[in-house]
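Letter by letter, the chains look like this.
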Amino acid sequence: MKMILFRKFRVLILMVFLIACSMHIMIDLLPKLERRSSSACSCSQTPSEEPQNWAKHRAKPGSESGWPNKHTLRILQDFSNEPNSNLSSHSLEKITVGEKSEALKRFEQLTGDEKRHATRDSTFKNAVVKGSRLSALFEHPLYTRPLPPLTDEDTLFNVNTDIRFDPKAAENPEWNGEGKDGNYAPTGEMSSDSYPNWLRFHIGINRYELYSRHNPVIDAMLKDLVSQRITSVAMKSGGTQLKLIMTFQNYGQALFKPMKQTREQETPPDFFYFSDFERHNAEIAAYHLDRILDFRRVPPVAGRLVNMTKEIRDVTRDKKLWRTFFISPANNICFYGECSYYCSTEHALCGKPDQIEGSLAAFLPDLALAKRRTWRNPWRRSYHKRKKAEWEVDPDYCEEVKQTPPYDSGTRLLDIMDMTIFDFLMGNMDRHHYETFEKFGNETFIIHLDNGRGFGKHSHDELSILVPLSQCCRVKKSTHLRLQLLAKEEFRLSALMEESLQTDTLSPILIRPHLEAMDRRLRLVLQVLADCIEKEGYSNVVEDDMVAEGMNTGTVPQR
């Protein structure tokens, strides 16, 4: 009797196991079944019907809507500023990486004159608009200083045996302009002028700048970020908040930060800097501010209104992202993705009904082709609710930094001062790391990535951001002169920012109080520098980086 009961119990356990497996398989196959059933439907839908029936949206012939068979997204770059962000990326899309590598290899084979034509400033000049402060600013002598002559060692891409291109690149035909369907077709010979704009941006990077002042490629690439068809979307790994990697029809890629707050919302006073929301409009404004300051260390960023159904949900190949879409009680399309914080139904991103705005930041070159090094910011905050960082309790902290490589020579310490001023004008307290291109060693600019926590408070000036400047009392002469210029009434930083931001699709980007706050903060920066000069003398504070025309190198005197 006991044996019979034991056998029946085993059979019951086996049946429960089989049922559980069957349900798991059915759940996994559900997206594919929905795609087949929806593709069999021949009825059309009006735009107003789409939000209510997004899961049954009819797949158009030749499109990638529905659930793809294979994850083929290539993760090009880690934009998180984390210590592992300088590791080489791993590509899953061999064809597109091969095409990128082939184009870069062909760039190496150009003659010297052709290479200089592709990387140095073109003869293009923005037309001077009557009454335009921005045009007048960019014609000022401080904004027309030439670069030193560029050698192969000063350009990011040239004949360099250390760069390992994808071996499949040689097997892939090259592009030659845009095809009938908007993609870049593989035929014939290429010149640098026929490269897609994102690639022309990449090959223009050099030791001194991410892009030149009057390069028309940058404006063209900003238009691409707004108009190029999105072919693939996936979540970016790492980071505290949701960010998406978008791939375009011309194989370019950008980092998308969706709108989380309105422009009028100010960060509550009790919020810690590390728990604040990242703002898409802050990324856009940071790019324009960086350009006005003539640093040119922020990759181009543009605002875009995205259709969450057609441009995210229908083209994503990220299974985890696809499963987080839902319809809110207000009948809007929402999703929340996966991340460390703020990725739940309580913090979902919702469209109206399926339109959402966000910032698109152009990717830097693939880490496999142009490695970057990640550096810990010496004035990094503690990221703890009670503990303070060393620089907050030691007034002589900068003296230790000055004796530590790479801050004991070259322009690195002065570049940190530039970044400090840049962050203070935005109110950004979240500068924990920064990056440089490994090829250029320590004699190069630092890249200002991840600016989403700027422009959170217009009613408060966070003076602790200026501590590096007040402790070190060092600044470049060119930076000091530009700050004085931007404080003059005929230019005025707030007016320049307002004019520059009007060119973005999502304008207005900043509300008036944020613009006025920048003028106020600029006066505070100049006051700190004036106090330093009074205390230590002009020559000990202002480092003359204009001795050799256009040279942005030099040494930090040892004291």
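All residue numbers refer to position in the chain's written sequence, counted from 1. Only residues with pLDDT of 70 or above have their local features reported here, since the model is predicted, and side-chain atom pairs are shown and tallied only from 80 upward, although totals for entire chains, interfaces and linings are computed over all residues. Values reported for side chains reflect all heavy atoms of the structure, with hydrogen atoms and water molecules removed beforehand.

- For the chain, an unreviewed UniProt entry supplies the name Extracellular serine/threonine protein kinase FAM20C-like and the organism Sinocyclocheilus anshuiensis.
- UniProt positions are given in the numbering used here, feature names are shortened, and annotations may be inferred rather than shown by experiment. Looking at the Sequence similarities (unreviewed entry) heading of the UniProt record, one finds this comment for the chain: "Belongs to the FAM20 family."

**So, the UniProt feature "binding site: ATP" (unreviewed entry) in the chain**
Then step 1. UniProt feature "binding site: ATP" (unreviewed entry): in the numbering of this structure it lies at Gln241, Lys257, Glu278, Ala361, Ala362, Phe363, Leu364, Glu435 and Asp450.
Then step 2. Under the scheme used here, helices are H or I runs from DSSP no shorter than 4 residues and strands are E runs no shorter than 2 residues, and both carry numbers assigned from the N terminus. Relative to the assigned elements, Gln241 resides in the loop between strand E1 (230-235) and strand E2 (244-248).
Then step 3. Considering the arrangement of structural elements, one finds Glu435 in strand E10 (residues 433-437).
Then step 4. Here a polar contact means two N or O atoms within 3.5 Å. Within protein one must be a hydrogen donor candidate and the other an acceptor candidate, and residues neighboring in sequence count only if both atoms are side-chain atoms. Side-chain polar atoms of Glu435 contact the side chain of Arg372, separated by 2.5 Å.

**Some details on the packing of aromatic side chains**
Then step 1. A pair of Phe, Tyr and Trp rings is counted when the ring centres sit within 6.5 Å of each other, with Trp represented by its six-membered ring. The angle between the planes then sorts it: under 30 degrees is stacked, over 60 is edge-to-face, the rest tilted. Applying the stated criterion to the full structure yields 8 aromatic pairs.
Then step 2. Chaining the aromatic ring pairs together yields one cluster made of Phe437, Phe440 and Phe445.
Then step 3. The positively charged end of Arg373 is found above the aromatic ring belonging to Trp375, 4.1 Å away from the centroid.
Then step 4. Definition used: whenever NZ (Lys) or CZ (Arg) falls within 6 Å of the ring centre and also within 35 degrees of the ring normal, the charge is taken to sit over that ring. Positioned over the ring face of Trp375 is Arg412, at 4.6 Å from the centre of the ring.

**Let's talk about helix H7 (residues 280-292)**
At 3.6 residues per turn, the α-helix brings residues three or four places apart onto the same side.
Then step 1. In this model H7 runs 19 Å from its N-terminal to its C-terminal C-alpha over 13 residues, within 8% of the 18 Å that 1.5 Å per residue would give.
Then step 2. Positive phi shows up at Asp294, right after H7, with a value of about 65 degrees. Expected span of a helix: the number of residues minus one, times 1.5 Å.

**Side note on the side chain of Thr479**
Then step 1. With respect to the element layout, Thr479 can be found in helix H14 (residues 477-486).
Then step 2. With residues up to four places along the chain from it excluded, the contact list for Thr479 reads Phe295, Asp418 and Ile421. In this description, contact between two residues means that some pair of their heavy atoms is separated by no more than 4.5 Å.

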